[in-house]
Amino acid sequence: MLIKNGIVVGENETKITDILIEDGIIKKIDDNLEGADVIDASGKYVIPGGIDVHTHMDLDVGIAVAQDDFYTGTVAAACGGTTTIVDHPAFGPKGCGLNHQISKYHSLAKGKAVIDYGFHGVIQHVDDDVLKDMKEMIKDGITSYKIYMTYDYHLEEEEIHKVLKRAKELGIIIAVHPENNEVIEKRHEFIDKGLTAPIYHERSRPVDCEADAINKIIQINKKAQDANLYIVHLSNQAGMEYINKGKKDGLHNLFVETCPQYLFLNDQYYLRKDGIKYVLSPPLRPKENNELLTEDIIKGYIDVIGTDHCPFDYKLKKKMGGKDFTKCPNGLPGVEARIVLMFSKFVMGGLISPN
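Notes on the structure follow.

Parameters at a glance
- Think of each chain on its own: its residues are numbered from 1, step by step along the sequence as written.
- Two thresholds apply to this predicted model, a pLDDT of at least 70 for residue-level local features and 80 or more for giving and counting side-chain atom pairs, whereas whole-chain, interface and lining totals are computed over all residues.
- Side-chain measures were taken over the full set of non-hydrogen atoms in the model, leaving aside hydrogen atoms and water.
- Each patch is assembled from residues with relative accessible area greater than 30% and no salt bridge, linking like charges that lie within 9 Å and nonpolar side chains (Val, Leu, Ile, Met, Phe, Trp, Tyr) that lie within 5 Å.
- In these tables, accessible area is a Shrake-Rupley quantity obtained with a 1.4 Å probe, and a residue counts as shielded only by the protein chains included in the view.
- The rule for a salt bridge is simple: a side-chain nitrogen of Lys or Arg has to be within 4 Å of a carboxyl oxygen of Asp or Glu.
- Helix and strand assignments come from DSSP, with helices taken as H or I runs of at least 4 residues and strands as E runs of at least 2, each series counted from the N terminus.
- Interaxial angles span 0 to 180 degrees and are taken between N-to-C directions of axes, which are lines fitted to C-alpha atoms, for helices over the stretch in contact.
- By the definition adopted for this analysis, an angle is roughly parallel if under 35 degrees, roughly antiparallel if over 145, roughly perpendicular if from 65 to 115, and oblique otherwise.
- Here is the rule for handedness: rotate from the far helix to the near one, and if that takes an anticlockwise turn smaller than a right angle the crossing is left-handed, while a clockwise turn gives right-handed.
- We call two residues contacting when some pair of their heavy atoms lies within 4.5 Å.
- Think of a 1 Å grid over just the protein atoms. A cavity is a set of points where a 1.4 Å probe fits yet cannot get out, a pocket is an open set with protein on both sides within 12 Å along at least five of seven lines, and lining residues have an atom within 4 Å of a point.
- Grid points are joined across faces, edges and corners, and a volume is the space filled by probe spheres set on the points.
- Each residue receives one of three labels: charged for Asp, Glu, Lys and Arg, nonpolar for Ala, Val, Leu, Ile, Met, Phe, Trp, Tyr, Cys and Pro, and polar for the others, Gly being one of them.
- Two strands are counted as paired when DSSP detects at least two bridges linking them.
- Exposure classes here rest on a 1.4 Å probe applied to the protein chains alone. A residue is buried below 20% of its type maximum, exposed above 50%, and partly exposed in between.
- Each Phe, Tyr or Trp ring (for Trp, its six-membered ring) is paired with any other whose centre lies within 6.5 Å, and the angle between the two planes then decides the class: stacked below 30 degrees, edge-to-face above 60, tilted in between.
- Whether a charge sits over a ring comes down to the Lys NZ or Arg CZ being within 6 Å of the ring centre and within 35 degrees of the ring normal.

As for a nonpolar patch on the surface
Here's step 1: A grouping of Tyr45, Ile47 and Met348 is seen on the molecular surface, where their side chains present a nonpolar patch of about 310 Å² in accessible area.
Here's step 2: For Met348, the location among the structural elements is in the segment after helix H13 (338-347).

Given below as C-alpha coordinates:
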(Lines give C-alpha, C1' and ligand atoms only; values in the text may rest on other atoms or scores of the structure.)
Protein backbone atom coordinates (compact mmCIF):
# COMPACT_ATOMS: atom_id res chain seq x y z
CA MET A 1 0.00 0.00 0.00
CA LEU A 2 1.23 3.47 -0.89
CA ILE A 3 -0.09 6.66 0.67
CA LYS A 4 0.96 9.29 -1.82
CA ASN A 5 1.42 13.06 -1.65
CA GLY A 6 0.07 13.40 1.90
CA ILE A 7 1.00 16.15 4.33
CA VAL A 8 2.95 13.77 6.57
CA VAL A 9 3.29 14.83 10.20
CA GLY A 10 6.37 13.51 11.96
CA GLU A 11 7.75 14.25 15.40
CA ASN A 12 9.82 17.22 14.26
CA GLU A 13 8.72 18.12 10.75
CA THR A 14 5.73 18.23 8.41
CA LYS A 15 6.24 17.68 4.69
CA ILE A 16 4.46 16.47 1.56
CA THR A 17 5.80 12.99 0.82
CA ASP A 18 4.87 9.31 0.36
CA ILE A 19 4.50 6.42 2.83
CA LEU A 20 5.07 2.81 1.75
CA ILE A 21 3.39 0.11 3.85
CA GLU A 22 4.11 -3.64 3.62
CA ASP A 23 2.35 -6.27 5.75
CA GLY A 24 0.85 -3.55 7.93
CA ILE A 25 4.24 -1.99 8.69
CA ILE A 26 5.56 1.38 7.50
CA LYS A 27 8.63 0.45 5.45
CA LYS A 28 9.64 3.77 3.98
CA ILE A 29 8.80 7.48 4.06
CA ASP A 30 10.24 9.26 1.02
CA ASP A 31 9.39 11.10 -2.19
CA ASN A 32 8.37 9.44 -5.47
CA LEU A 33 7.76 5.96 -4.06
CA GLU A 34 5.83 3.32 -6.00
CA GLY A 35 3.28 0.78 -4.84
CA ALA A 36 0.40 -1.33 -6.14
CA ASP A 37 -2.45 -0.14 -3.91
CA VAL A 38 -2.27 3.66 -4.04
CA ILE A 39 -4.17 6.09 -1.83
CA ASP A 40 -3.95 9.68 -3.05
CA ALA A 41 -3.70 11.80 0.09
CA SER A 42 -3.11 15.11 -1.68
CA GLY A 43 -4.18 18.01 0.50
CA LYS A 44 -4.75 15.74 3.51
CA TYR A 45 -2.81 15.35 6.73
CA VAL A 46 -1.35 11.92 7.44
CA ILE A 47 -0.73 11.55 11.18
CA PRO A 48 0.35 8.66 13.40
CA GLY A 49 -2.47 6.64 14.92
CA GLY A 50 -3.49 8.03 18.28
CA ILE A 51 -3.01 6.30 21.63
CA ASP A 52 -5.68 6.81 24.28
CA VAL A 53 -4.17 5.73 27.58
CA HIS A 54 -7.35 6.21 29.61
CA THR A 55 -10.42 4.21 28.58
CA HIS A 56 -12.97 2.11 30.45
CA MET A 57 -14.44 -0.47 28.08
CA ASP A 58 -16.96 -2.93 29.50
CA LEU A 59 -16.71 -1.16 32.86
CA ASP A 60 -18.92 -2.63 35.56
CA VAL A 61 -19.44 -0.03 38.30
CA GLY A 62 -21.75 -2.25 40.35
CA ILE A 63 -24.94 -0.35 39.56
CA ALA A 64 -24.44 -0.32 35.78
CA VAL A 65 -22.13 -1.46 32.98
CA ALA A 66 -20.64 1.01 30.50
CA GLN A 67 -22.33 0.82 27.13
CA ASP A 68 -19.19 0.26 25.06
CA ASP A 69 -17.61 -3.16 25.05
CA PHE A 70 -14.24 -3.84 23.43
CA TYR A 71 -15.84 -4.11 19.98
CA THR A 72 -18.03 -1.00 19.86
CA GLY A 73 -15.49 1.06 21.81
CA THR A 74 -12.52 0.18 19.63
CA VAL A 75 -14.54 0.70 16.43
CA ALA A 76 -15.34 4.19 17.72
CA ALA A 77 -11.66 4.71 18.51
CA ALA A 78 -10.60 3.65 15.01
CA CYS A 79 -13.17 5.97 13.41
CA GLY A 80 -11.64 8.83 15.39
CA GLY A 81 -8.04 8.07 14.44
CA THR A 82 -7.03 6.21 17.61
CA THR A 83 -5.28 2.89 16.91
CA THR A 84 -4.28 1.88 20.44
CA ILE A 85 -5.97 2.08 23.83
CA VAL A 86 -4.67 1.30 27.30
CA ASP A 87 -7.71 0.37 29.37
CA HIS A 88 -8.32 0.77 33.08
CA PRO A 89 -10.09 -2.31 34.49
CA ALA A 90 -12.80 -2.06 37.12
CA PHE A 91 -12.28 -3.18 40.69
CA GLY A 92 -12.32 -6.93 41.22
CA PRO A 93 -13.60 -8.97 44.17
CA LYS A 94 -12.38 -7.97 47.60
CA GLY A 95 -8.89 -9.30 48.29
CA CYS A 96 -8.22 -10.47 44.71
CA GLY A 97 -4.70 -10.58 43.31
CA LEU A 98 -3.34 -8.20 40.71
CA ASN A 99 -3.73 -10.70 37.88
CA HIS A 100 -7.45 -11.30 38.51
CA GLN A 101 -8.79 -8.30 36.62
CA ILE A 102 -6.10 -8.47 33.94
CA SER A 103 -7.13 -12.05 33.14
CA LYS A 104 -10.79 -11.05 33.13
CA TYR A 105 -10.18 -8.14 30.79
CA HIS A 106 -8.13 -10.25 28.39
CA SER A 107 -11.21 -12.45 28.05
CA LEU A 108 -13.45 -9.40 27.53
CA ALA A 109 -11.22 -8.01 24.78
CA LYS A 110 -10.19 -11.21 23.00
CA GLY A 111 -11.77 -11.50 19.57
CA LYS A 112 -13.59 -8.17 19.96
CA ALA A 113 -11.03 -5.37 19.82
CA VAL A 114 -10.34 -4.12 16.29
CA ILE A 115 -7.26 -2.08 17.30
CA ASP A 116 -4.27 -2.67 19.57
CA TYR A 117 -4.87 -2.61 23.29
CA GLY A 118 -3.10 -2.90 26.61
CA PHE A 119 -4.11 -2.73 30.26
CA HIS A 120 -3.16 -0.87 33.39
CA GLY A 121 -3.35 -2.89 36.58
CA VAL A 122 -5.58 -1.78 39.45
CA ILE A 123 -4.45 -1.85 43.09
CA GLN A 124 -7.31 -2.00 45.59
CA HIS A 125 -5.43 -3.19 48.66
CA VAL A 126 -1.78 -3.46 49.67
CA ASP A 127 0.01 -6.43 51.22
CA ASP A 128 3.21 -8.39 50.61
CA ASP A 129 1.65 -10.43 47.80
CA VAL A 130 0.53 -7.31 45.94
CA LEU A 131 3.97 -5.71 46.26
CA LYS A 132 5.60 -8.92 45.02
CA ASP A 133 3.18 -9.32 42.12
CA MET A 134 3.85 -5.76 40.94
CA LYS A 135 7.22 -7.10 39.79
CA GLU A 136 5.90 -10.40 38.45
CA MET A 137 3.26 -8.68 36.31
CA ILE A 138 5.94 -6.79 34.39
CA LYS A 139 6.57 -10.07 32.52
CA ASP A 140 2.98 -9.85 31.25
CA GLY A 141 3.41 -6.27 30.08
CA ILE A 142 1.74 -4.59 33.04
CA THR A 143 4.03 -1.66 33.83
CA SER A 144 1.44 0.76 35.17
CA TYR A 145 -1.17 0.62 37.92
CA LYS A 146 -4.04 2.80 38.98
CA ILE A 147 -4.81 3.64 42.56
CA TYR A 148 -7.77 5.56 43.95
CA MET A 149 -7.98 8.09 46.76
CA THR A 150 -11.77 7.65 46.91
CA TYR A 151 -14.42 4.96 46.22
CA ASP A 152 -14.79 1.62 47.99
CA TYR A 153 -11.26 0.38 47.42
CA HIS A 154 -9.36 3.63 47.97
CA LEU A 155 -5.92 3.41 49.53
CA GLU A 156 -4.86 5.09 52.75
CA GLU A 157 -1.74 7.23 53.03
CA GLU A 158 0.59 4.48 54.26
CA GLU A 159 -0.62 2.11 51.52
CA ILE A 160 -0.04 4.79 48.87
CA HIS A 161 3.48 5.33 50.20
CA LYS A 162 4.27 1.60 49.94
CA VAL A 163 2.95 1.44 46.38
CA LEU A 164 4.92 4.50 45.26
CA LYS A 165 8.08 3.25 46.95
CA ARG A 166 7.71 -0.11 45.19
CA ALA A 167 7.03 1.61 41.86
CA LYS A 168 10.22 3.61 42.32
CA GLU A 169 12.18 0.38 42.82
CA LEU A 170 10.66 -1.21 39.71
CA GLY A 171 10.65 1.85 37.44
CA ILE A 172 6.93 1.51 36.70
CA ILE A 173 4.14 4.10 36.67
CA ILE A 174 1.39 4.75 39.21
CA ALA A 175 -1.70 6.55 37.93
CA VAL A 176 -3.92 8.09 40.58
CA HIS A 177 -7.55 9.19 40.76
CA PRO A 178 -7.17 12.14 43.14
CA GLU A 179 -10.26 13.18 45.09
CA ASN A 180 -10.66 13.67 48.83
CA ASN A 181 -12.74 10.75 50.06
CA GLU A 182 -13.89 12.53 53.23
CA VAL A 183 -15.41 15.35 51.17
CA ILE A 184 -17.17 12.93 48.83
CA GLU A 185 -18.61 10.93 51.72
CA LYS A 186 -20.39 14.10 52.88
CA ARG A 187 -22.55 14.17 49.74
CA HIS A 188 -25.44 12.87 51.83
CA GLU A 189 -25.65 16.33 53.41
CA PHE A 190 -26.84 17.69 50.05
CA ILE A 191 -29.42 14.93 49.74
CA ASP A 192 -30.64 15.55 53.31
CA LYS A 193 -31.36 19.15 52.29
CA GLY A 194 -33.16 18.10 49.11
CA LEU A 195 -30.33 19.33 46.89
CA THR A 196 -30.42 16.47 44.38
CA ALA A 197 -30.17 18.21 40.97
CA PRO A 198 -27.11 17.55 38.73
CA ILE A 199 -25.44 20.86 39.65
CA TYR A 200 -24.91 19.52 43.17
CA HIS A 201 -22.74 16.76 41.75
CA GLU A 202 -20.16 19.47 41.05
CA ARG A 203 -20.78 21.32 44.28
CA SER A 204 -20.36 18.14 46.33
CA ARG A 205 -16.99 17.46 44.65
CA PRO A 206 -15.58 21.03 44.48
CA VAL A 207 -12.25 22.06 43.01
CA ASP A 208 -10.52 21.76 46.38
CA CYS A 209 -11.72 18.16 46.71
CA GLU A 210 -9.53 17.29 43.74
CA ALA A 211 -6.72 19.82 44.19
CA ASP A 212 -6.10 18.94 47.85
CA ALA A 213 -5.85 15.25 46.95
CA ILE A 214 -3.32 16.09 44.22
CA ASN A 215 -1.25 18.05 46.74
CA LYS A 216 -1.46 15.19 49.24
CA ILE A 217 -0.20 12.51 46.87
CA ILE A 218 2.58 14.79 45.64
CA GLN A 219 3.75 15.16 49.25
CA ILE A 220 3.60 11.38 49.74
CA ASN A 221 5.62 10.92 46.56
CA LYS A 222 8.34 13.21 47.88
CA LYS A 223 8.78 10.73 50.74
CA ALA A 224 8.83 7.90 48.18
CA GLN A 225 11.78 9.56 46.40
CA ASP A 226 10.01 10.66 43.21
CA ALA A 227 8.34 7.59 41.73
CA ASN A 228 6.70 7.83 38.31
CA LEU A 229 3.39 9.46 39.31
CA TYR A 230 0.67 10.15 36.75
CA ILE A 231 -2.28 12.38 37.66
CA VAL A 232 -5.34 11.31 35.66
CA HIS A 233 -8.17 13.50 34.31
CA LEU A 234 -7.09 16.88 35.73
CA SER A 235 -10.13 19.18 35.67
CA ASN A 236 -8.95 22.42 37.27
CA GLN A 237 -6.18 24.98 37.48
CA ALA A 238 -5.74 24.75 41.27
CA GLY A 239 -4.58 21.16 40.83
CA MET A 240 -2.23 22.25 38.03
CA GLU A 241 -0.61 24.78 40.36
CA TYR A 242 0.19 22.03 42.88
CA ILE A 243 1.67 19.93 40.06
CA ASN A 244 3.85 22.78 38.83
CA LYS A 245 5.03 23.44 42.38
CA GLY A 246 5.87 19.74 42.78
CA LYS A 247 8.02 19.91 39.64
CA LYS A 248 9.77 23.06 40.90
CA ASP A 249 10.43 21.23 44.16
CA GLY A 250 12.38 18.57 42.28
CA LEU A 251 9.83 15.92 41.27
CA HIS A 252 11.03 15.03 37.78
CA ASN A 253 8.73 12.04 37.32
CA LEU A 254 5.42 13.83 37.82
CA PHE A 255 3.06 13.66 34.84
CA VAL A 256 -0.45 14.95 34.21
CA GLU A 257 -3.32 14.16 31.90
CA THR A 258 -6.44 16.12 31.09
CA CYS A 259 -9.43 15.25 28.89
CA PRO A 260 -11.44 17.07 26.20
CA GLN A 261 -14.47 17.43 28.49
CA TYR A 262 -12.45 19.72 30.76
CA LEU A 263 -11.44 21.85 27.78
CA PHE A 264 -14.78 22.13 25.97
CA LEU A 265 -17.53 21.72 28.60
CA ASN A 266 -18.22 23.51 31.89
CA ASP A 267 -20.41 23.35 35.00
CA GLN A 268 -23.24 25.32 33.37
CA TYR A 269 -24.16 22.14 31.51
CA TYR A 270 -25.48 20.80 34.83
CA LEU A 271 -28.18 23.47 34.73
CA ARG A 272 -29.56 22.23 31.41
CA LYS A 273 -32.66 20.10 31.18
CA ASP A 274 -30.41 17.16 30.25
CA GLY A 275 -27.81 18.05 32.89
CA ILE A 276 -27.67 14.50 34.23
CA LYS A 277 -25.88 13.53 31.00
CA TYR A 278 -22.77 15.33 32.20
CA VAL A 279 -22.28 13.56 35.52
CA LEU A 280 -18.69 12.33 35.60
CA SER A 281 -15.87 12.48 38.12
CA PRO A 282 -14.18 14.82 38.58
CA PRO A 283 -17.12 17.01 37.55
CA LEU A 284 -17.15 19.73 34.92
CA ARG A 285 -15.75 22.96 36.34
CA PRO A 286 -16.43 26.70 35.94
CA LYS A 287 -15.65 27.92 32.43
CA GLU A 288 -12.47 29.78 33.34
CA ASN A 289 -10.80 26.40 33.86
CA ASN A 290 -11.29 25.66 30.12
CA GLU A 291 -9.14 28.63 29.18
CA LEU A 292 -6.55 28.02 31.89
CA LEU A 293 -6.09 24.33 30.99
CA THR A 294 -5.85 25.33 27.34
CA GLU A 295 -2.99 27.66 28.28
CA ASP A 296 -1.36 24.82 30.22
CA ILE A 297 -1.37 22.69 27.06
CA ILE A 298 0.14 25.48 24.98
CA LYS A 299 2.86 25.99 27.60
CA GLY A 300 3.64 22.27 27.65
CA TYR A 301 2.62 21.72 31.25
CA ILE A 302 0.15 18.95 30.40
CA ASP A 303 1.72 15.74 29.13
CA VAL A 304 -1.21 13.71 27.81
CA ILE A 305 -4.75 14.12 26.53
CA GLY A 306 -6.73 11.01 27.47
CA THR A 307 -10.50 10.63 27.46
CA ASP A 308 -11.61 8.64 30.52
CA HIS A 309 -14.00 7.11 27.97
CA CYS A 310 -16.83 5.57 29.98
CA PRO A 311 -20.23 5.97 28.30
CA PHE A 312 -23.57 5.54 30.03
CA ASP A 313 -26.46 6.65 27.83
CA TYR A 314 -28.78 9.50 28.72
CA LYS A 315 -31.82 7.28 29.15
CA LEU A 316 -30.01 5.15 31.74
CA LYS A 317 -28.54 8.14 33.56
CA LYS A 318 -31.91 9.87 33.70
CA LYS A 319 -33.62 6.74 35.01
CA MET A 320 -31.03 6.06 37.71
CA GLY A 321 -29.94 9.57 38.71
CA GLY A 322 -32.73 11.88 37.60
CA LYS A 323 -33.99 12.33 41.16
CA ASP A 324 -30.68 11.93 42.98
CA PHE A 325 -27.33 12.74 41.37
CA THR A 326 -25.53 10.33 43.73
CA LYS A 327 -27.35 7.40 42.10
CA CYS A 328 -26.18 8.32 38.58
CA PRO A 329 -23.38 6.21 37.02
CA ASN A 330 -20.42 8.51 36.34
CA GLY A 331 -18.85 8.85 32.91
CA LEU A 332 -18.79 10.35 29.41
CA PRO A 333 -17.66 9.02 26.03
CA GLY A 334 -14.76 10.58 24.14
CA VAL A 335 -12.56 7.99 22.40
CA GLU A 336 -13.94 8.83 18.92
CA ALA A 337 -13.98 12.61 19.31
CA ARG A 338 -10.63 13.25 21.02
CA ILE A 339 -8.29 13.73 18.04
CA VAL A 340 -10.86 15.64 15.97
CA LEU A 341 -11.57 18.03 18.84
CA MET A 342 -7.93 18.58 19.71
CA PHE A 343 -6.84 19.01 16.08
CA SER A 344 -9.68 21.44 15.39
CA LYS A 345 -9.12 23.65 18.44
CA PHE A 346 -5.37 23.51 18.88
CA VAL A 347 -3.84 22.86 15.44
CA MET A 348 -6.35 24.55 13.14
CA GLY A 349 -6.72 27.28 15.75
CA GLY A 350 -3.00 27.97 15.51
CA LEU A 351 -2.35 27.25 19.19
CA ILE A 352 0.12 24.37 18.68
CA SER A 353 1.82 22.77 15.69
CA PRO A 354 0.55 19.46 14.29
CA ASN A 355 3.81 17.95 15.50
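Some details on the packing of helix H8 (residues 207-223) against helix H9 (residues 237-248)
Here's step 1: H9 packs onto H8 with a crossing angle of 15° between their chain directions and a minimal axis gap of 8 Å. As far as their axial angle goes, H9 and H8 are roughly parallel. For the element pair H8 and H9, the recorded crossing hand is right-handed. Here H8 contributes Val207, Ala211, Asp212, Ile214, Asn215 and Ile218 to the contact with H9, which in turn contributes Ala238, Gly239, Tyr242, Ile243 and Gly246.

Re the environment of Asp37
Here's step 1: Inspection of the secondary structure assignment puts Asp37 in the loop between strand E3 (25-30) and strand E4 (38-40).
Here's step 2: It is 48 Å that separates the C-alpha atoms of Asp37 and Gly62, two residues lying 25 residues apart in sequence.
Here's step 3: Excluding residues within four positions of it along the chain, Asp37 makes contact with Met1 and Leu2.

Description of the environment of Phe312
Here's step 1: Within the secondary structure layout, Phe312 lies in the loop between strand E14 (304-305) and helix H12 (314-321).
Here's step 2: Along the primary structure Phe312 and Val232 are separated by 80 residues, whereas in three dimensions their C-alpha atoms are 20 Å apart.

What to know about empty space enclosed by the protein
Here's step 1: The full count for this structure, using the stated rule, is one cavity of 30 Å³ or more.
Here's step 2: For the largest cavity, the calculated volume is near 50 Å³.
Here's step 3: Forming the boundary of the largest cavity are Gly92, Cys96, Gly97, Leu98, Gln101, Val122, Ile123, Gln124 and His125.
Here's step 4: Taken together, the residues of the lining of the largest cavity sort by class into four nonpolar, five polar and no charged.

With respect to the sheet that holds E14
Here's step 1: Taken in spatial order, the six strands of this open sheet run E9-E10-E11-E12-E13-E14, and their pairing is parallel. Edge strands, defined here as strands with exactly one partner in the open sheet, are strand E9 (121-122) and E14.
Here's step 2: In this structure, strand E12 (residues 228-234) lies alongside strand E13 (residues 254-258), joined through four bridges in parallel fashion. Directly across from Leu234, in E13, lies its bridge partner Thr258.
Here's step 3: Relative to strand E11 (residues 173-177), helix H4 (residues 157-170) is tilted by about 150°, and along the sheet it contacts strand E10 (144-148), E11 and E12.

A closer look at the pattern of salt bridges
Here's step 1: Taken as a whole and assessed by the stated rule, the structure comprises 14 salt bridges.
Here's step 2: Across the pair Glu157 and Lys223 runs a salt bridge whose closest N-O atoms are separated by 3.9 Å. With Glu157 in helix H4 and Lys223 in helix H8, the pair connects residues that are 66 residues apart, well separated along the chain.
Here's step 3: A salt bridge links Arg285 to Glu202; the shortest N-O distance between them is 3.3 Å. Of the two residues, Arg285 sits in the loop between helix H10 (261-264) and helix H11 (288-298) while Glu202 sits in helix H7 (residues 199-204), which places them 83 residues apart along the sequence. Exposure class is identical for Arg285 and Glu202. Each is buried.
Here's step 4: Each of Glu202, Glu210 and Arg285 takes part in a single network of salt bridges with overlapping partners.

Focus: the side chain of Arg166
Here's step 1: Tracing the chain through its elements places Arg166 in helix H4.
Here's step 2: A relative accessible area of 18% means that Arg166 is categorised as buried.
Here's step 3: Sequence-distant contacts of Arg166, defined by excluding residues within four places in its chain, comprise Leu131, Lys132, Met134 and Lys135.

Let's talk about unusual backbone geometry
Here's step 1: Each neighbour pair has its own omega, and for Ser281 with Pro282 the value is -5°, a cis peptide bond.
Here's step 2: Mapped onto the elements, Pro282 comes out in the loop between H10 and H11.
Here's step 3: Positive phi is not limited to glycine here, since Asn5 has a value of about 65°.
Here's step 4: Along the chain, Asn5 falls in strand E1 (residues 2-9).
Here's step 5: Positive phi, normally seen in glycine, also occurs at Tyr151, with a value near 80°.
Here's step 6: For Tyr151, the position within the fold is in the loop between E10 and H4.

Brief notes about the packing of aromatic side chains
Here's step 1: The full count for this structure, using the stated rule, is eleven aromatic pairs.
Here's step 2: Measuring from ring centre to ring centre gives 5.0 Å for Tyr269 and Tyr278, while their planes differ by 65°; the resulting arrangement is edge-to-face.
Here's step 3: The partly exposed category is assigned to Tyr269, whose relative accessible area is 21%.
Here's step 4: Judged by relative accessible area, Tyr278 falls into the buried class, the value being 11%.
Here's step 5: What links up through ring pairs into an aromatic cluster is the set Phe70, Tyr105, Tyr117 and Phe119.
Here's step 6: Its guanidinium or amino end placed over the ring of Phe264, Lys345 lies 5.8 Å from that ring's centre, counting from NZ or CZ.
Here's step 7: When the ring centre of Phe346 is taken as origin, the NZ or CZ atom of Lys345, which lies over that ring, is 5.9 Å away.

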